[in-house]
Structures are given as C-alpha cells and as structure tokens.
Amino acid sequence: MHDVSPAPSPAGARGPHQALLGLGWDDAWSAAFARHLAALDDAHLARGPAVGRVCRADLRASDVLLPTAHGLEVVSTEWAPSLRAAATHDPTALPAAGDWVVVSARTRARTEHQLDVVLPRRTTVVRAQVGGTSHGQVLAANADVAAVVEGMVPDLDPARVERLLALAWSSGAQPVVVLTKADLAPHPEALVREVRGLAPGVEVLAVATTRDEGLGPLRGHLADGATIALLGASGVGKSTLLNALVAPGGGGPMATRALGAENKGRHTTVTRELHPGPAGGAVLDTPGLRTIGLDAGTRLEAVFPEVDELARRCRFGDCEHRTEPGCAVLAAVEAGDLPGRRLESWRKLGREQAYQAMRTDRRLAAEHRARWKAVAQQQRRSPKRR
Ligand SMILES: Nc1nc2c(ncn2[C@@H]2O[C@H](COP(=O)(O)OP(=O)(O)OP(=O)(O)O)[C@@H](O)[C@H]2O)c(=O)[nH]1
Ligand SMILES: [Mg+2]
Ligand SMILES: [Zn+2]
C-alpha cells in the first residue's frame, strides 16, 4: 500500500521527501542511512528499506511517520527480531519517540512494516529508572531543544526546574525553560527573574499558552526545523503547549488535562508522542514526570556553573563544602551571594548522580565478567592449535 521509497536526499529532494526535510532530515542523517543501506544484502534491499521517524513508541511496537506520495503517513511497525534481541541487554536500544529509523516491508504486498534499525541518536533525554535496572529510560530522541516546562501557578518549584535542567543539559539538546500560566500569576516578572537566577546561560520564557502569548521564540525554533521536547511535571501545561504550537487556532492532537479536582488526571498524557509542526519542526510531548531520576552521565556542572566556579577557589582540592576551612562555597552562602537552597540542590543531585554512576559501574563490571566467561568457555571448546 505504501510506496516505500528509496533514500531521500536533501540535495535533490522532491515530492514525498520534502515532508521529511521539514521534520529535520538532513545530509548527516542521509549519510547514516546510506551507510546502513550499503551493508544490506539483496534480499533485504528487495524489501524496500525506507526512512521514517518514530512518532509513538510503546512496549511492543512503534508508530512511524513515513513519507508517501500523499505526504507523511503514520504506519505501525513491528520490531525486527535483532532489535528485540539487542534490547534484552540494553532497553535504551529500543525505538523511542523522535528516533530516525529504517522500516521495510514485512510482506510482499507491503501492507505490514518492520522497524529494522534505529539510526544512531544525536541527542537523548534519558532518565534513570526507579529501582530494577540501572539502564535509563529514553524519554525523547533527537530533540534539538529540550524545553523544561514549569507552571508559574499553583507553585513554581525551583528544585524541580534544576533537576529537569540537569536532564536537559545531559541530553545534548539546547535547554530552554518555559514558564506557563503567566496569565494566572500575580507577578510573573518576579518568577522569571527567580528562574533566570537558577538557570545560568539558559533562555527563560514566560508564556500564557491559552491566550497564545509569549510563544514566538518556540515557534521560531520550529520554523528552523527544530524538534522541541517538552519535559515537566503533570499538569504544568505540556500538552496545551503542544497543541498551541502544532495546531495554532485550535483542534490540536493531544487531549489536555482538565482543571478541577473531579477531573483530575483525566487527560493526563500517557505516551511519548512526536507531532510535526505546521511549517516544519516537530514537538515531542511526554507524560508528566513524577520521578525524575538522574542518569549516571548527568552533567551537573552545566546546571550549577557558579558552584563549580566557587569550588575552584576552595583551599582544599577535595573540599566537600561542609565544614572545611577556607571553603569559598560556604563563604558565598554566608555572604548571601549563593542561596543556601541552591547548594542543597547541588548536593542532593550530586549524591543521586554518584549513586547512579555506581550502579552503572557495577552493571558494566558484571557484563564484562560474563563476556570473559563466555569467551573462555568458547576457547575451551575449540582449542586453537599452536
Ligand atoms: N490559564 C492557563 N492555563 C493553562 C496554561 N497552560 C495550560 N493550562 C491549563 O492547565 C491544565 C493542564 O494542562 P495540560 O497541558 O494537560 O498539562 P500536561 O503538562 O500535559 O499534563 P500531563 O499530561 O498530565 O503531564 C489544563 O487545564 C490547561 O488548560 C496557561 O498558560 N494558562
Ligand atoms: Mg499532557
Ligand atoms: Zn569548599
């Protein structure tokens, strides 16, 4: 049914592939796809491998936006056995919303599709899993902008913004903070100022989404072809923002959460979904994050650059900024230059990250031992002649 077409090339793109370009397809992706094609045998090539982008991922299958003669179409795909096998070792290898993937026909009639491979990700928003595995969970793949969304009302939570910023910085995407519900806050400017203080080097936007106010910069990113991932707690207004950005004028794709206690959680988003922007780019909505565990690779120095800077001036190189003499960090708190709350956040996130790093190290060590054991067994079974 779908005319599964060959590699789209940005240079000579026409027709169906124009749609992929709007989603952020470029020469580098094109090259990655070409490398994949070069490694395929004839039988596989005959199944018409084509490129698409995952718009919804759940526990067994993925929906993929594929270019067809009619523009982008959503097709449901099943994961190739090799993908499933890889995922038993590392669940982050499974397709996530935002991934660029290669899809081929499963049947001769080309009515069923298989997702063969995930092209190597450029950016990954990943959070640590609570309990169980020490592998992270991919919330968004290939986002260019990681938007930390927080509501100005009922209660802006600075520590939560810092935690999400850690996630955003570590993803490799450009972080931005979006403070929603500015129309409901008595003093929105004061809140913006407060958040600018805890997000050095990050653009902080105030928006009133339901009035379509303050959305210009985000629309600018979309028009540039960027993918914006929305990260934040439940109810802060991510889906409302998605709707305003991808369907200005109403009728957006995502049901939003109704206000009021009796409707609480009714339209809480449960899947990670990517939607194309009206004139390019894409917005990736995520479910409200209740627990945001930091992954082992989290870059805290990007979130707390001023603490890092101060720490360099402590008397002792291994200063933990607790009781040590000559501690520049404690001196700054004392002098009122560094909020005590900020230092507390830095400590808390640092502890978490260290714990996660330790879990990851243990897993890697165990995997390493298992591999060597297998190699040793193999060698015993087929001893080489010397
Ligand atoms: N007044 C006002 N209300 C807003 C704004 N943004 C969102 N809301 C309202 O806030 C409520 C929650 O919005 P959602 O977009 O569903 O929140 P969400 O972040 O997607 O929530 P989850 O899907 O549970 O993660 C809805 O009733 C929105 O209408 C805003 O800027 N101003
Ligand atoms: Mg939502
Ligand atoms: Zn110190």
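Residues numbered from 1 in each chain as written. Chains lettered and ligands numbered in written order. Predicted model: local features only at pLDDT ≥ 70, side-chain atom pairs only at ≥ 80, totals over all residues. Heavy atoms only, no water.

> Outline the coordination of the zinc ion (ligand 3), supporting the account with residue identities and numerical values.
The zinc ion (ligand 3) binds to the protein through C314 (SG), C319 (SG), H321 (ND1) and C327 (SG), with metal-donor distances spanning 2.1 to 2.4 Å. For the zinc ion (ligand 3), the donor residues sit on a single chain with the sequence spacing C-x4-C-x1-H-x5-C. Residue C314 shares its accessibility class with C319, and that shared class is buried. (Donors = N, O, S within 2.8 Å, 3.2 Å for Na, K, Ca; no water. Buried < 20%, exposed > 50% of the residue type's maximum accessible area, 1.4 Å probe, protein only.)

> Would you mind going over the packing of aromatic side chains in detail, with residue names and values included?
Counted by the stated rule, this structure contains 3 aromatic pairs. For the pair W25 and F33, a centre-to-centre distance of 6.4 Å together with 75° between the ring planes defines the contact as edge-to-face. Taken together, the ring pairs in this structure connect W25, W29, F33 and W100 into an aromatic cluster. (Phe/Tyr/Trp six-rings, centres within 6.5 Å; stacked < 30°, edge-to-face > 60°.)

> Mind laying out the side chain of E162, listing which residues take part and the relevant values?
Structurally, the position occupied by E162 is in helix α5 (residues 158-171). Given the relative accessible area of 0%, E162 is considered buried. Among the polar contacts listed, one links the side chain of E162 to the side chain of S345, at a separation of 2.5 Å. Not counting residues up to four positions away in its chain, the partners in contact with E162 are L198, V303, F304, R341, R342, S345 and L349. (Helix = DSSP H or I, 4+ residues; strand = E, 2+ residues; numbered from the N terminus. Polar contact = N/O pair within 3.5 Å; in protein donor to acceptor, adjacent residues only side chain to side chain. Contact = heavy atoms within 4.5 Å.)

> Please provide a residue-by-residue account of the nonpolar core, values included.
Residues W25, L119, L165, V177, L179 and V195 are the most contacted members of the largest nonpolar core, which totals 63 residues. Counting residues per element, this core draws most heavily on α5, at 7 residues. Residue contributions to this core reach at least three from each of two domains, namely domain 1 (16-118) and domain 2 (130-285). If sequence neighbours within four positions are ignored, V195 has contacts with L156, V161, V177, L179 and V204. Of all hydrophobic cores here, the second largest spans 23 residues; its members include V145, V178, A233 and A247. (Core = buried A, V, L, I, M, F, W, Y, C linked by side-chain atoms within 4.5 Å. Domains from an automatic or database assignment.)

> Describe in detail α5, supporting the description with residues and values.
Taking 1.5 Å of rise per residue, the 14 residues of α5 would be expected to cover 20 Å, and the 20 Å separating its terminal C-alpha atoms lies within 8% of that figure. When we look at burial in α5, the residues that qualify are P158, V161, E162, R163, L164, L165, A166, L167, A168, W169 and S171. Downstream of α5 by one or two residues, G172 has phi in the positive range, about 95°. (Expected span 1.5 Å × (residues − 1).)

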